[in-house]
Amino acid sequence: MTDSSPLALEVSHAVKIYGALPNAVKALNDVSIDVANNEFFTLLGPSGCGKTTLLRMIAGFETITEGSIRLFGENIENLPANKRPVNTVFQQYALFPHMTVLQNVAFGLTMLGKSDREANGIATRMLDMVQLGEFSNRKPTQLSGGQQQRVALARALAPSPKLLLLDEPLSALDLKLRHAMRVELKQIQEELGITFIFVTHDQEEALTMSDRIAVMSNGELQQIGTGREIYEEPKNKFVADFIGETNLLTTQVESIQGANAVCVVGNHTPLECASAGGISIGDTGIISIRPERITLTKPGSDATGSNLTGTVKRFIYLGTDTQCMVELDDGTEIHVRVQNAHDSATDFDVGERASIKIDQGAARLLVN
Amino acid sequence: MAKNTTDVRRYPGFFSFTILCLFLLYTPLIIVTIYSFNDSKSITTWGGFSFRWYQDIFYGLEAAKFKTAAWNSISIALMAGITATVIATSAAIGMIRGEPFKGKSLSFGLINLPLMVPEIVSAVATLIFFSAIGFTRGYMSILLAHIVFCIPFAYLPIAARLEGIEKSYEEAAIDLYATRWKAFTKVLMPLMAPGILSGFLLAFIISLDDFIITNFVKGAGVETLPTAIFGSVKQGIKPNIMALSTLMLLVSIFFVSLSYLINKLGERTGDKQS
Ligand SMILES: Nc1ncnc2c1ncn2[C@@H]1O[C@H](COP(=O)(O)OP(=O)(O)OP(=O)(O)O)[C@@H](O)[C@H]1O
Ligand SMILES: [Mg+2]
């Protein structure tokens, strides 16, 4: 680690093919990620997109078909799983049922050749850190799901790995506990300064904890960025659709003004859309607009100049806010989200005409 | 339990049929057990309760013969049971944890073939095999034959147990820097222990009780308990045989129940986490 700014993990052009040719499965296709030291990095994607496969390749449980994996600059392809300074928190925890909680946490240290005293000392501290000190002599089956989860975390952290892999560790917990654990996980990560690679298919979970998120789909990387970047500047339709809620409208580029494209929506209303560039007049694409960045006003009541109009179709009450479905004049339906704090915004009747205002910069043109 | 009309217990005649089956199965055993306490030389007329035939097995005319036979039976059952268990454990790990290989189901069939083949066929085949290779018949030939036919009995509970153990335990061990061997001894073995123990007990009892194969492959002069009993009975059934049979029955019941209990216990304290 003489490198001044070593990357904790570099996965380059990783390909994973399961099985032999007639029924081979391509689980990963040319995936490259760089994870900085001390980063909380999340792999996010729907079921079957290859998150676990990538994690297992980093841990050493799966071979890599093509490409390379480097850990702090060192190529670890030929390093067996038990020699990699990487630990995993398994989805079902995989706590050893025949050992006590303390023995579970001390296991990795013992295998590294630490004396029982030293191993137990560190394990006890780890258990205190996850607030389970008093449970050290219990068997894992005598713990609740949330407590087992903490033991699994303590067990994986005890040998001070350079990289901690977590495969959907919170998915077996109930909602309240899951929210509490998000905060706690993030705190522990910041406290210990260990690089975390966290797998989830829950976008909210990814947004709350991660420094950066890699969105995956179908074995391919879609976008890497901070939560804000992937939410506000999605690169493609998949990312826009997968992260949060959005309205997707098909459109055609009318003219180009700098980095922005002017497209038509609804009844030939021009709309200025931010874009990633590389577009030309006449291109078809999809506009993504987040529902919370749209407001409804009474027709003619404001002078902001938008002449996009539609008819209010339906309201759905969601607690903190209300979702409103509006049909544009060309028949496409869009969702609008209004916070319930100010009730004037939902001051429409079903069937009433409304003027639709889209925030400056809220519309993004996605070409693919 | 919801009481539905398809419950087999509601079929007409189910109850009486069950009683008939149990009667046929257990009456002989019960009669033998009762008459083993008969204080009479006759095997059919009751002459009062006594332990004289139990005394006779240990101190009577045939005591020496029974003692060597019992020693042979137990030592063979122990060694055959242990060896078969070791082989069955390795086979189970290879079959269940190993990469899929060509002929996997064939191997599975081969391991379990002795369960399907009539025992007399195995017996004749083993005998022919031993004579063909010029293997002297005696203690060793019995032991070898027992090891072979005990393997499937040991394999079944071991494999069943292993199949219920998720792979992630071994992966977790390896992830935590354990070598393959340590992952096996520290994690997989303890988790498999109930299956291994129950496999061993089953193999042990099967070896202890075996008659047909033993009778074929044993040399002259080497007897196990079942063959010794058979030899005795050929000269007429004496009540001491009933006492000996009752003892063997007890031992069998003990080991089979133990095997069952261990399996049950293993299931409860086992790997199933919520
Ligand atoms: N051992 C295997 N053999 C063959 N195909 C596999 C194997 N493991 C995974 N796959 C396939 O690879 C693809 C990716 O699987 P993976 O488990 O990585 O998905 P995932 O993103 O973790 O999904 P989930 O969110 O459901 O856990 C899937 O199509 C899956 O069927
Ligand atoms: Mg997965």
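The model shown is predicted, which means the values in this text are computed figures rather than measured ones.

Enquirer: Whenever I open this one, the overall build of chain B confuses me. Can you help?
Expert: Each helix and strand counted, chain B has 11 helices and zero strands in total. When the elements of chain B are put in sequence order from the N terminus, they spell out α-α-α-α-α-α-α-α-α-α-α. Structurally, chain B occupies a C-alpha span of about 70 × 60 × 30 Å along its principal axes. Accessible surface computed for chain B: about 15,500 Å², of which carbon and sulfur atoms make up 72%. Here chain B carries 22 positive and 16 negative side-chain charges, and the mean point of each set is 3 Å from the other.

Enquirer: Whenever I open this one, the packing of helix 4 (residues 145-157) of chain A against helix 5 (residues 175-192) of chain A confuses me. Can you help?
Expert: For any two helices packed against each other, one specifies the inter-axial angle together with the distance between the axes. All names here are of chain A. The interhelical angle for the contact between helix 4 and helix 5, taken along N-to-C directions, is 15 degrees, at an axis separation of 12 Å. Of the possible angle classes, the one that applies to helix 4 and helix 5 is roughly parallel. Remark: the crossing between helix 4 and helix 5 carries right-handed chirality. Side by side, helix 4 and helix 5 meet where G146, Q149, R150, L153 and L157 of the first sit next to L177, M181, E184, L185, I188 and L192 of the second. Here the contact of helix 4 with helix 5 is built from residues that sort into seven nonpolar, two polar and two charged.

Enquirer: So what exactly am I meant to see when it comes to the domain arrangement of chain A here?
Expert: One frequent convention defines the size of an interface as the accessible area lost when the parts assemble. Residue and element names in this part refer to chain A. Domain boundaries in chain A define domain 1 (9-237) and domain 2 (245-366). Each of domain 1 and domain 2 was reduced to a C-alpha centroid, and the two centroids are 39 Å apart. Counting residues at the interface gives eight residues for domain 1, matched by six residues for domain 2. Counting the surface lost from both domain 1 and domain 2, the interface buries some 680 Å², and carbon and sulfur atoms represent 57% of this. Its largest share of buried area at the contact with domain 2, domain 1 owes to Y231, P234 and K237, together 73% of the area lost on that side. The interface formed by domain 1 and domain 2 includes zero salt bridges. Taken together, the links from domain 1 to domain 2 amount to two residue pairs in polar contact (both at pLDDT 80 or more).

Enquirer: How do you make sense of unusual backbone geometry when you look at a structure like this?
Expert: Peptide bonds are mostly trans, and most non-glycine residues show a negative phi. Residues and elements named next belong to chain A. Even without a glycine there, the phi angle at Y93 is positive, about 70 degrees. You can see Y93 is positioned in the loop between strand 6 (86-89) and helix 2 (101-111). What makes Y93 buried here is its relative accessible area of 2%. Residues other than glycine seldom take positive phi values, yet N218 does so here, at roughly 55 degrees. You can see N218 is positioned in the loop between strand 9 (212-217) and strand 10 (220-225).

Enquirer: Is there a simple way to explain the packing of aromatic side chains in this structure?
Expert: The geometry of an aromatic ring pair is captured by the separation of the ring centres together with the interplanar angle, meaning the angle of the planes. In the structure shown here, the tally under the stated rule is 19 aromatic pairs over all chains. Seen in terms of ring centroids, F254 of chain B and F255 of chain B are 5.4 Å apart; in terms of plane orientation they differ by 80 degrees. Their pairing is edge-to-face. In textbook terms, an aromatic cluster arises when at least three aromatic residues are bridged by ring pairs, as seen for F37, F49, F51 and Y54 of chain B. For R155 of chain A, the ring lying beneath its charged end belongs to F96 of chain A, and the centroid distance is 4.6 Å.

Enquirer: How should I be thinking about the pairing of strand 17 (residues 321-328) of chain A in this particular structure?
Expert: Successive residues of a regular strand alternate their side chains across the two faces of the sheet. Residues and elements named next belong to chain A. Where burial is concerned, most of strand 17 is hidden: seven out of the eight residues are buried. Sheet topology places strand 16 (residues 308-317) next to strand 17; seven bridges connect them, and they run antiparallel. Paired with T311 across the bridge in strand 17 is E327. Adjacent in sequence and paired antiparallel, strand 16 and strand 17 are bridged by three residues, among which G319 carries a positive phi angle near 90 degrees. Both strand 17 and strand 18 (residues 333-339) contribute to a ladder of seven bridges, which runs antiparallel. Pairing of D321 across the sheet is with Q339, part of strand 18. With antiparallel pairing between neighbouring strands as the criterion, strand 17 and strand 18 make up a hairpin whose turn holds four residues, including G331 at a positive phi of roughly 100 degrees.

Cut-offs used in this document
Residue indices follow the written sequence of each chain, beginning from 1 at its first position. Note on labels: chains are lettered from A, ligands numbered from 1, in written order. Restriction of local features to residues with pLDDT of at least 70 applies here, the model being predicted, together with a cutoff of 80 or more for giving and counting side-chain atom pairs; totals for whole chains, interfaces and linings are based on all residues. Excluding hydrogens and water, the side-chain values take into account all heavy atoms of the structure. Secondary structure elements follow DSSP: runs of H or I no shorter than four residues count as helices, runs of E no shorter than two count as strands, and numbering proceeds from the N terminus. Computed with the Shrake-Rupley method and a 1.4 Å probe, the accessible areas treat only the protein chains shown as cover for residues. The charged-residue count follows a simple rule in which Lys and Arg add positive charge and Asp and Glu add negative charge, with His and chain termini not counted at all. Taken as the charge location is NZ of Lys, CZ of Arg, CG of Asp or CD of Glu. Axes, fitted as lines to C-alpha atoms, cover a helix only where it is in contact. Angles between the N-to-C directions of the axes lie from 0 to 180 degrees. Orientation is classified from the angle alone, with under 35 degrees giving roughly parallel, over 145 giving roughly antiparallel, 65 to 115 giving roughly perpendicular, and any other angle giving oblique. Crossings are classed by handedness, with left-handed meaning an anticlockwise turn of the near helix from the far one by less than a right angle and right-handed meaning a clockwise turn. The contact definition used throughout considers only heavy atoms, calling two residues in contact when any of these lie within 4.5 Å. In this count, Pro and Cys sit with the nonpolar residues alongside Ala, Val, Leu, Ile, Met, Phe, Trp and Tyr, while Asp, Glu, Lys and Arg are called charged and the others, Gly among them, polar. The split into domains, and so the bounds of each, comes from an automatic or database assignment of domains. Values labelled buried area give the accessible surface lost by two parts on being combined, using a 1.4 Å probe and summing over both. What makes a salt bridge here is a side-chain nitrogen of Lys or Arg within 4 Å of a carboxyl oxygen of Asp or Glu, nothing more. For this analysis, a polar contact is any N or O atom pair within 3.5 Å, provided that within protein one partner can donate a hydrogen and the other can accept it, and provided that sequence-adjacent residues contribute only side-chain to side-chain pairs. For every residue, the accessible area (1.4 Å probe, protein chains only) is compared with the maximum for its type, and the residue is labelled buried under 20%, exposed over 50%, or partly exposed between those bounds. Any pair of Phe, Tyr and Trp rings, taking the six-membered ring for Trp, is counted once the centres come within 6.5 Å. Such a pair is stacked with planes under 30 degrees apart, edge-to-face with planes over 60 apart, and tilted for the rest. For a ring to carry a charge above it, either NZ of a lysine or CZ of an arginine must fall within 6 Å of the ring centroid while also lying within 35 degrees of the normal to the ring plane. A pair of strands is considered paired only if DSSP assigns at least 2 bridges between the two.

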